[in-house]
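As a plain string of letters, each chain reads:
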Amino acid sequence: MNQSQTAEAPHEVASPTISRAYKCHHCGKPIFLRNSVCLNCGSPVGYDPSRRTMISLAPVAETPGVFELVDEPGSRVMTCANLTTAAGCSWLIPANAQGGFDYPNQYPGFCLACSLNRTVPDQSIPDNQELWRRMEIPKRRLVSQLLALALPVETRLERHDGIAFDFLESLPGGPRVMTGHDSGLITMNIQEADDAAREKLRNDMHEPYRTLLGHFRHEIGHYYWGRLVEGGPLLGECRKLFGDDSTDYEAALQHHYAEGPPADWALHFISGYAAAHPYEDWAETWAHYLHMCDTVDTALSFAINADAVDMQAVPYEKADLWQPEHENAEAFLAFLNTWVRLTNVLNELSRAMGQPDYYPFILPHAAVGKLQFIHEVVRGASVIEPVVNPIPQVEQPVEVAPAA
């Protein structure tokens, strides 16, 4: 999504917010977000969160685990301690201004993404190693996107309500682990990483779409509602679009699971679950917005031109927007219709392979204004440089999750 798009070119989205196409500086071949080595030449690579991109590395002979950046000789990084665990983390820890490594807002030896973990599955159980690996891949994709959007990503060493993840399992005789969010703490049931179990849940709950990345994007949406909307100047506008969030949440969920969504939900909400309560409407719409941004960015990064696609549906217009006269309305509309064209093609490609639709949703006109609102919330919260906050005194986590 090109946030610099102007009103003079409303039907063109020329470049991604940040490129998702990475190349090895050694051999020029493609590398990918989860790589720790180039699959072509075998050179070490990693994701540098400070630069928001994959980079090629050259070993520093006298210091194992420390590398120089190939494109910036003299600049050093350290590999995350979870590189050698089941998580297989390829993220890097940049050196400080003095060339050393300190951890003011991260756990020693762990990258930013792994420092967001509070609890990881018991690694003495072999199956948990694979489930944790499957959890970490979409989690790192999420965090890299949040960084690309320049949203605040802060650990609990930075602020008491920073982001934290508990990856838990339901044990025999114990309580059932429910995926959810509470004041920055996101709990994920690791059984969601079991493809067969997740597909069964998807069918049992009559959901068209259920993925790990979708879970992460939904739950982080609850977190950013608290950070960016709750108690702030946008709350009134948010309630006009999404409804009164002060209504009884637990009662609303019980009613949803007992009765299902209203018969006309598809005219007003992005999913059936979004109709359960304004909190869920926000989180579902937020997740869809992140899906849209990352997919369009990735397509544009690989020079896929969705604007050349014939539309199978009537394009959305300014009348569908929350604020049609907003200075960024034309750019948002261009982005939205690029997404529609792209999903038309992706659905056809999925059908050509005999697979379910890539995007099994119909975006109602009523949801478009909500998406524009979230777009502007994200733009307003974006910080190009990290915010420097005093480090509060917080209690130690129950378990320092990055440790294997």
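I will try to describe carefully the structure that is included in this document. (Residues numbered from 1 in each chain as written. Predicted model: local features only at pLDDT ≥ 70, side-chain atom pairs only at ≥ 80, totals over all residues. Heavy atoms only, no water.)

## A word on the overall build of the protein chain
- Each helix and strand counted, the protein chain has nine helices and 11 strands in total.
- For the C-alpha atoms alone, the extent of the protein chain along its principal axes is close to 65 × 55 × 50 Å.
- Looking at the protein chain as a whole, 48% of its 404 residues are labelled buried.
- Of the contacts made within the protein chain by residues no fewer than 6 positions apart, 61% connect residues no fewer than 24 positions apart.
- As displayed, the protein chain has an accessible area near 19,000 Å², and 55% of this comes from carbon and sulfur atoms.
- Averaging the locations of the 29 positively and 51 negatively charged side chains of the protein chain gives two centres separated by 4 Å. (Helix = DSSP H or I, 4+ residues; strand = E, 2+ residues; numbered from the N terminus. Buried < 20%, exposed > 50% of the residue type's maximum accessible area, 1.4 Å probe, protein only. Contact = heavy atoms within 4.5 Å. Areas by Shrake-Rupley, 256 points an atom, 1.4 Å probe, with all protein chains shown as cover. Lys, Arg positive; Asp, Glu negative; His and termini not counted. Charge placed at Lys NZ, Arg CZ, Asp CG, Glu CD.)

## Details of the sheet that holds strand 10 (residues 180-182)
- Spatially, the four strands line up as an open sheet ordered 8-9-11-10, and their pairing is mixed. In this open sheet, the two strands that pair with only one neighbour each are strand 8 (117-119) and strand 10. In this sheet, adjacent strand axes meet at a mean angle of 25° when their direction is disregarded.
- Across five bridges, strand 9 (residues 164-168) lies against strand 11 (residues 185-189) in parallel orientation. Following the sheet pairing, Ala164 is matched in strand 11 by Leu185.
- Its contacts with the sheet put helix 2 (residues 126-148) on strand 8, strand 9 and strand 11, and the angle it makes with strand 9 is roughly 160°. (Pairing = 2+ DSSP bridges. Axes fitted to C-alpha atoms, helices over the stretch in contact; angles between N-to-C directions.)

## Quick notes on the packing of aromatic side chains
- Across all of its chains, the model carries 18 aromatic pairs by this definition.
- Taking the centre distance of 6.0 Å and the plane angle of 25° together, the rings of Phe165 and Phe167 count as stacked. Summarising the burial analysis for this pair, Phe165 and Phe167 share the class buried.
- Taking 6.3 Å as the distance between ring centres and 80° as the angle between the ring planes, the aromatic pair formed by Trp282 and Phe373 counts as edge-to-face. On the criterion of sequence distance, the pair formed by Trp282 in helix 7 (residues 278-301) and Phe373 in helix 9 (residues 365-381) is long-range, its members being 91 residues apart. Considered together, Trp282 and Phe373 belong to a single accessibility category, that of buried residues.
- One aromatic cluster in this structure is built from Tyr223, Tyr224, Phe242, Trp282, Trp286, Trp322 and Phe373. (Phe/Tyr/Trp six-rings, centres within 6.5 Å; stacked < 30°, edge-to-face > 60°.)

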